[in-house]
Amino acid sequence: DTHYASSRGLTELRLVLAHKFKQDNGLDYNPDTELLVTHGASHGIFVALQTILKPGDEVLIPAPFWPSYASLVVICGGTPVQVDTDSQREFRLNADSLEKYINPRTKLLMLNSPCNPTGSVLSKDDLLAIARIVEKHDLLVIADEVYEKLIYDDVTHISFATLPDMKERTITINSLSKTYAMTGWRVG
């Protein structure tokens, strides 16, 4: 089916994924030109970083964060920049503090909501404030949303790419492994 060499993923799977993104996230993706199936979310993040980064580009990573983010940035020639969060805001990224870390070398923001390891979920107000900063500084965003279904209470997950003018700036990373307990499976 894949003819051994690199593949965008099976057409049937990309069609189902386009439907999932539309239904669950309000995102309208063309399965032929806007979806890529990788052999895991980490590989998807690696491919995105490898495509975007030039040596010395900085990537903002809200902390605490999944350790592989920084390693993947370094492997791809970038410089990870830890953006501190605090327990007073339940480890949710504050747009005002984010701006303090931005300089001419800043290329990208790694956004993880719901967050691994803290479990924090960014609110719509949080996301809109972050989007204004992203647009103001012409940044790109990798939105790691693999934990979107693992939220509790009355919290709602909002895909960053659904915000005004953010779809073209955002690479959304998602996965079957967390939601469907399929870690280690490789599909599509």
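Right above here is the structure, for reference.
These figures come from a predicted structure and were not determined experimentally.

Each value, and the rule that gives it
Residues numbered from 1 in each chain as written. Predicted model: local features only at pLDDT ≥ 70, side-chain atom pairs only at ≥ 80, totals over all residues. Heavy atoms only, no water. Helix = DSSP H or I, 4+ residues; strand = E, 2+ residues; numbered from the N terminus. Buried < 20%, exposed > 50% of the residue type's maximum accessible area, 1.4 Å probe, protein only. Contact = heavy atoms within 4.5 Å. Polar contact = N/O pair within 3.5 Å; in protein donor to acceptor, adjacent residues only side chain to side chain.

**Student:** Looking at this structure, how should I read the environment of His137?
**Tutor:** Position of His137 among the secondary structure elements: in the loop between helix 5 (124-136) and strand 4 (140-144). Taking the relative accessible area as the measure of exposure, His137 reaches 28% and is therefore partly exposed. Note: C-alpha distance between His137 and Ser87 (50 residues apart in sequence) is 27 Å. Once you skip the residues sitting within four places of it in the chain, His137 turns out to touch Glu99 and Ile102.

**Student:** Which parts of the structure should I look at to understand the side chain of Arg169?
**Tutor:** Tracing the sequence through the fold places Arg169 in the loop between strand 4 and strand 5 (170-173). A relative accessible area of 16% means that Arg169 is categorised as buried. Of note is the side chain of Arg169, whose polar atom sits 3.1 Å from the backbone oxygen of Leu139. Setting aside its immediate chain neighbours within four residues, Arg169 contacts Val134, Glu135, Asp138, Leu139, Leu140 and Val141.

**Student:** Just checking my understanding: could you explain the environment of Ile158 for this structure?
**Tutor:** In this fold, Ile158 is placed in the loop between strand 4 and strand 5. Ile158 gets classed as partly exposed once you look at its relative accessible area, which sits at 23%. Counting along the chain gives 35 residues from Ile158 to Ser123, while the straight-line C-alpha distance between them is 7.7 Å. Once you skip the residues sitting within four places of it in the chain, Ile158 turns out to touch Lys124, Leu127 and Glu145.

**Student:** Explanation requested: the environment of Pro80 in the structure shown.
**Tutor:** With respect to the element layout, Pro80 can be found in strand 2 (residues 79-84). Take Pro80: its relative accessible area is 30%, and that puts it in the partly exposed class. Separated by 23 residues in the primary sequence, Pro80 and Asp57 have C-alpha atoms spaced 8.7 Å apart. What Pro80 contacts, discounting residues up to four positions off in sequence, is Val59, Ile61, Ala70, Val73 and Val74.

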